[in-house]
Amino acid sequence: WIDVSYPDGSDRNGGDYETFENIWKKYPSWECVKVENISCRAEKFPSQSIADLGQKVECNVNTGLICNNKDQQIGGIIPMPVCLNYEISVCCTPNRPECLPTPSTTSTTTSTASPTTSSVSPPISTTTPRTTTEEIYSPTPTTTTTTMPPSSTTTSGTTSQTTTTAPVSTTPV
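Notes on the structure in this doc start here. Computed from a prediction, not measured in an experiment: that's the story for all the values here.

Remarks on the pattern of salt bridges
Then, in step 1: Inspection of the entire model under this criterion finds 3 salt bridges.
Then, in step 2: A salt bridge links K25 to E21, with the shortest nitrogen-to-oxygen separation between them at 3.4 Å. Separated by 4 residues within a single helix, K25 and E21 lie in helix α1 (residues 20-26), roughly one turn from each other. Like K25, the residue E21 is exposed in the burial classification.
Then, in step 3: Close ionic contact of E36 with K34 constitutes a salt bridge, the shortest N to O distance being 4.0 Å.

Structure below.
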């Protein structure tokens, strides 16, 4: 359990500050890259939950524990409006290469001003083949048949019949 701060009961603007910043100030070799989990408890009441103590306390993985004397009310577990002395326990990723996450593909690029060179490329033209269906008008030949009436010739008792059919002609319409 970590306890780097002790509340001053005579200072209304004081409190108990078990923050990660205060831990690093007191223990510069403390190796914690990211706090994964935190437990907070009152030093004199380790088996009681903070909620049951009647004090306004902030305990989270982003800052640690913060208890301000000015936020406390008279009553509760102690008769004075001051913070109890708290301690924290954290589960964190240590600052060791084998514990750190693998680097992401994000990169930072630093650039300095340099002369600008411009070049103009000829425009690129792209032709997309287009399929069309084209109807070509081809007239259908029309066949006309003309039939001539039969002609008859009479000669001394013999009848001769001749049928003449006009030739078929193909004429475009």
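And the narrative resumes.
Examining the state of the cysteines
Two cysteines form a disulfide when their sulfur atoms are joined by a covalent bond.
Then, in step 1: Summed over the entire model, instances satisfying the criterion amount to 2 disulfides.
Then, in step 2: Between the sulfur of C40 and that of C59 lies a disulfide, 1.8 Å long from S to S. Its S-S torsion of approximately 75° makes the covalent link between C40 and C59 right-handed. Within this pair, whereas C40 is found in strand β2 (residues 34-42), its partner C59 is found in strand β3 (residues 58-60), the two being separated by 19 residues in sequence.
Then, in step 3: The class for C40 is buried, based on a relative accessible area of 15%.
Then, in step 4: Shown here for the protein chain is a disulfide pattern of 1-2, 3-4, where each number marks a bonded cysteine counted in sequence order.
Then, in step 5: Free of any disulfide, C91 has its nearest neighbouring cysteine sulfur in C92, separated by 6.9 Å.

A few points about the sheet that holds strand β1 (residues 15-19)
Hydrogen bonding along the main chain pairs the strands of a sheet, whether they run parallel or antiparallel.
Then, in step 1: Taking strand neighbours across the sheet as the criterion, the 3 strands line up as β1-β4-β3 in an open arrangement whose pairing is antiparallel. At either end of the open sheet lies a strand with only one pairing partner, and these are β1 and β3. Going from strand to strand, the sheet's axes swing by 10° on average, the running direction of each strand aside.

Considerations on the nonpolar core
Then, in step 1: By size, the foremost hydrophobic cluster in this structure holds 21 residues, and its most contacted members are F20, Y86, I88 and V90.
Then, in step 2: Residue assignment for this core shows that the elements contributing at least two residues are α1, β2, β4 (64-68) and β5 (86-93).
Then, in step 3: When residues of this core are assigned to their parent elements, the largest contribution, 4 residues, is made by β2.
Then, in step 4: Excluding anything up to four places from it in sequence, V90 contacts I2, F20, W30, V35, N37 and I38.

Thoughts on the side chain of N85
Then, in step 1: You can see N85 is positioned in the loop between β4 and β5.
Then, in step 2: A distance of 2.7 Å separates the side chain of N85 from the side chain of D3, its partner in a polar contact.
Then, in step 3: Residues within four places of N85 in sequence aside, it is in contact with D3, S5, Y6, P7, D16, E18, R41, A42 and E43.

Re the environment of E36
Then, in step 1: Structurally, the position occupied by E36 is in strand β2.
Then, in step 2: Here E36 falls in the partly exposed class, since its relative accessible area comes to 44%.
Then, in step 3: Measuring from C-alpha to C-alpha, the distance between E36 and V90 comes to 7.4 Å, with 54 residues separating the pair along the chain.
Then, in step 4: For E36, the contacting residues outside a window of four places in its chain are V61, C91, C92 and T93.

Procedures and definitions
- Residues numbered from 1 in each chain as written.
- Predicted model: local features only at pLDDT ≥ 70, side-chain atom pairs only at ≥ 80, totals over all residues.
- Heavy atoms only, no water.
- Salt bridge = Lys/Arg side-chain N within 4 Å of Asp/Glu carboxyl O.
- Helix = DSSP H or I, 4+ residues; strand = E, 2+ residues; numbered from the N terminus.
- Buried < 20%, exposed > 50% of the residue type's maximum accessible area, 1.4 Å probe, protein only.
- Disulfide = S-S within 2.5 Å.
- Pairing = 2+ DSSP bridges.
- Axes fitted to C-alpha atoms, helices over the stretch in contact; angles between N-to-C directions.
- Core = buried A, V, L, I, M, F, W, Y, C linked by side-chain atoms within 4.5 Å.
- Contact = heavy atoms within 4.5 Å.
- Polar contact = N/O pair within 3.5 Å; in protein donor to acceptor, adjacent residues only side chain to side chain.

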